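# Report on the structure
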Amino acid sequence: MTIKIGNAPCSWGVEFAGDPRNPSWQSVLKDCADAGYKGIELGPVGFMPEDPALLGDALAEHDLELIGGVVFRAFHDPDAWNDVLDGTVRTCKALTAHGAKHLVLIDSISARRAPTAGRASEAEQMVNAEWKAYVDRIREAAKIGVDHGLTVGIHAHAAGFMDFEPELDRLLSEVDEDLLKICFDTGHHSYAGFDPVAFMKRNIDRISYMHFKDIDPKVKADVIANRTGFYDACGQGIFCNLGQGDVDFPAVRQVLLDSGFEGWCTVEQDCDPTMDVRPIDDAVANATYLKSIGF
């Protein structure tokens, strides 16, 4: 098993490129390398420089490989399609410029779904015509990625319309596997109320990329009970350090080992940039934990 462990700018609180609370992209690259990682994601398009020479030199300076990038935009909103396309095309160009492989599609948070994050039985569902158009938009974005030579994975995310396991199963049944694979996030699957290890066992042949995230079960119970918003839940520390939550990472490792999985697994510890923590400390702790269980 050849697995490489990377990290992502969201572990430094970077969710949106224009957030004035963001650390500098240079400091994120330095921290990532100093914490012992060999790869990093692009983060939201526009956070890292889109000039290939500028970013390429910085990656080389820190001996980091660009792993992939995320299009975290409103696939659920037909009026946001131009924004989705913009993020998709720009991300594809940035990834191909540096030889990165993974394009990750995430339906961003919807006001219609935010109150029922973690509550599958209560969540509003799209009507059939809306769902069909939604799937068509995901399919079109995936095709753009494939046409750029990228491996495209769908990523379920709390408070969007691709959140719960039945929705993910339905999408995967309707879009060809050659076009769309799975970027599997252990933490979001737990947040949604489902067993990440069981899902991995059923779908390992379609999983092309992993996001490692853990969930504090007490915080999860509180935010679900209180219908807390996603970013407020991040501020309360729902995504704890790996090995301290309810995700069974030794079992995750065993599924990957048994399947012969090869490639990148990226730590994604979404956090509030205003929290009184040093992200590099969490990055070091997560790398240390993963090494301790054989990654």
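Read on for an overview of the structure. (Residues numbered from 1 in each chain as written. Predicted model: local features only at pLDDT ≥ 70, side-chain atom pairs only at ≥ 80, totals over all residues. Heavy atoms only, no water.)

## A few points about the pattern of salt bridges
In plain terms, the rule: The working definition used for a salt bridge is a side-chain nitrogen of Lys or Arg within 4 Å of a carboxyl oxygen of Asp or Glu. The way it works is that DSSP assigns letters per residue, a run of H or I at least four long becomes a helix, a run of E at least two long becomes a strand, and they are numbered from the N terminus.
Summed over the entire model, instances satisfying the criterion amount to 23 salt bridges. The partner of Glu122 in a salt bridge is Arg119, and the shortest N-O contact between them spans 2.8 Å. Its salt-bridge partner being Lys213, residue Asp185 comes within 2.4 Å of it at the nearest N-O pair. One end of the pair, Asp185, is in strand 7 (residues 181-185); the other, Lys213, is in the loop between strand 8 (207-212) and helix 8 (217-225), and 28 residues separate them in sequence. Three or more residues are tied together by salt bridges with common partners; here these are Glu50, Arg73, Asp83, Asp86 and Arg90.

## Points about a negative patch on the surface
The condition that has to hold: Only residues whose relative accessible area exceeds 30% and that form no salt bridge enter a patch; like-charged residues are grouped when within 9 Å of one another, and nonpolar side chains (Val, Leu, Ile, Met, Phe, Trp, Tyr) when within 5 Å. Working definition of accessibility: Shrake-Rupley area with a 1.4 Å probe, residue cover restricted to the visible protein chains. When charges are tallied, Lys and Arg are placed among the positive residues and Asp and Glu among the negative ones, while His and the ends of the chain are skipped. Taken as the charge centre is NZ of Lys, CZ of Arg, CG of Asp or CD of Glu, depending on the residue. To sort residues, take the accessible area from a 1.4 Å probe on protein chains only and compare it with the maximum for the residue type: under 20% means buried, over 50% means exposed, and anything in between is partly exposed.
Together, Asp176, Glu177, Asp178 and Asp205 give the surface a local cluster of negative charge. Examined against the element boundaries, Glu177 turns out to sit in the loop between helix 5 (165-174) and strand 7. Of the residues examined, Glu177 reaches a relative accessible area of 36% and is grouped as partly exposed.

## Side note on the side chain of Glu15
To keep it simple, the criterion reads: The criterion used for residue contact is that any of the two residues' heavy atoms lie within 4.5 Å.
With respect to the helices and strands, Glu15 occurs in the loop between strand 1 (3-7) and helix 1 (25-34). Buried charge without a partner: Glu15 forms no salt bridge, and the closest opposite charge is Lys213, 7.7 Å away. Look past the residues within four positions of Glu15 in its chain and what remains in contact with it is Cys10, Asn22, Pro44, Tyr231 and Asp270.

## Quick notes on the packing of aromatic side chains
As a reminder of what qualifies: The aromatic pairing rule takes the rings of Phe, Tyr and Trp, using the six-membered ring of Trp, and pairs them if the centres are within 6.5 Å, calling planes under 30 degrees apart stacked, those over 60 edge-to-face and the rest tilted.
Tallied over the entire structure, the rule returns eleven aromatic pairs. Judged by centre distance (6.4 Å) and plane angle (20 degrees), the ring pair of Tyr191 and Phe230 falls under stacked. Here Tyr191 is found in helix 6 (residues 186-191), whereas its partner Phe230 is found in helix 9 (residues 230-235), with 39 residues between them in sequence. For Tyr191, a relative accessible area of 1% corresponds to the buried category.

## A closer look at the packing of helix 3 (residues 81-97) against helix 4 (residues 128-147)
For clarity, the cut-off: Here the axes come from fitting lines to C-alpha atoms, over the contacting stretch only for helices, and the angles between their N-to-C directions go from 0 to 180 degrees. Roughly parallel means an angle under 35 degrees; roughly antiparallel means over 145; roughly perpendicular covers 65 to 115; every other angle is labelled oblique. Crossings are classed by handedness, with left-handed meaning an anticlockwise turn of the near helix from the far one by less than a right angle and right-handed meaning a clockwise turn. Any residue outside Ala, Val, Leu, Ile, Met, Phe, Trp, Tyr, Cys, Pro, Asp, Glu, Lys and Arg is labelled polar, Gly included; the first ten of those are nonpolar and the last four are charged.
As a packed pair, helix 3 and helix 4 sit with axes 10 Å apart at the nearest point and diverge in direction by 20 degrees. By the criterion of interaxial angle, the relationship of helix 3 to helix 4 is roughly parallel. As for the relative orientation of helix 3 and helix 4, their crossing is right-handed in sense. Where helix 3 approaches helix 4, its residues Trp81, Leu85, Thr88, Val89 and Cys92 are matched on the opposing element by Arg137, Glu140, Ala141, Ile144 and Gly145. Across the contact of helix 3 with helix 4, the residue classes tally to six nonpolar, two polar and two charged.

## A closer look at helix 3
To keep it simple, the criterion reads: To estimate the expected span of a helix, subtract one from its residue number and multiply by 1.5 Å. As used here, the arc is the angular range of directions from the helix axis to the C-beta atoms.
Over its 17 residues, helix 3 extends 24 Å from the first C-alpha to the last, a length consistent with the 24 Å expected when each residue adds 1.5 Å. Buried residues of helix 3: Val84, Gly87, Thr88, Thr91, Cys92, Ala94 and Leu95, and no others. One face of helix 3 carries all of its buried residues, which in axial projection span an arc of 165 degrees. Exposed residues lying more than 90 degrees from the buried face of helix 3 are Asn82 and Lys93.

## Side note on the pairing of strand 5 (residues 102-107)
So the rule is basically this: By this definition, two strands are paired if DSSP reports at least two bridges between them.
Most of strand 5 is tucked away: six of the six residues are buried. Because side chains alternate across strand 5, one face comprises the buried residues His102, Val104 and Ile106, and the other comprises Leu103, Leu105 and Asp107, equally buried. Note that strand 4 (residues 68-73) and strand 5 share six bridges and pair parallel. Across the sheet, residue Gly69 finds its bridge partner in strand 5, namely Leu103. When strand 5 meets strand 6 (residues 151-154), the two strands line up parallel, connected through four bridges. Considered in strand 6, the bridge of Leu103 is made with Val152.

## What about the nonpolar core?
Note on soluble globular proteins: their nonpolar side chains tend to be buried together. Which entries qualify depends on this criterion: What is meant by a nonpolar core is a set of buried Ala, Val, Leu, Ile, Met, Phe, Trp, Tyr and Cys residues, joined one to another through side-chain atoms within 4.5 Å.
Counting 73 residues, the largest nonpolar core has Leu105, Met210, Phe212 and Leu256 as its most contacted members. It is helix 4 that contributes the most residues to this core, seven residues altogether. Setting aside its immediate chain neighbours within four residues, Leu105 contacts Val71, Phe75, Ile138, Ala141, Ala142, Val152, Gly153, Ile154, His155 and Leu180. Core analysis: the second largest hydrophobic core is formed by 13 residues, Ala158, Ala159, Ile224 and Ile238 among them.

## Remarks on the environment of Val70
Locating Val70 in the fold gives a position in strand 4. Note on Val70: relative accessible area 13%, which makes it buried. Here Val70 is in contact with Glu41, Gly43, Thr91, Val104, Ile106 and His211, once residues within four sequence places are set aside.

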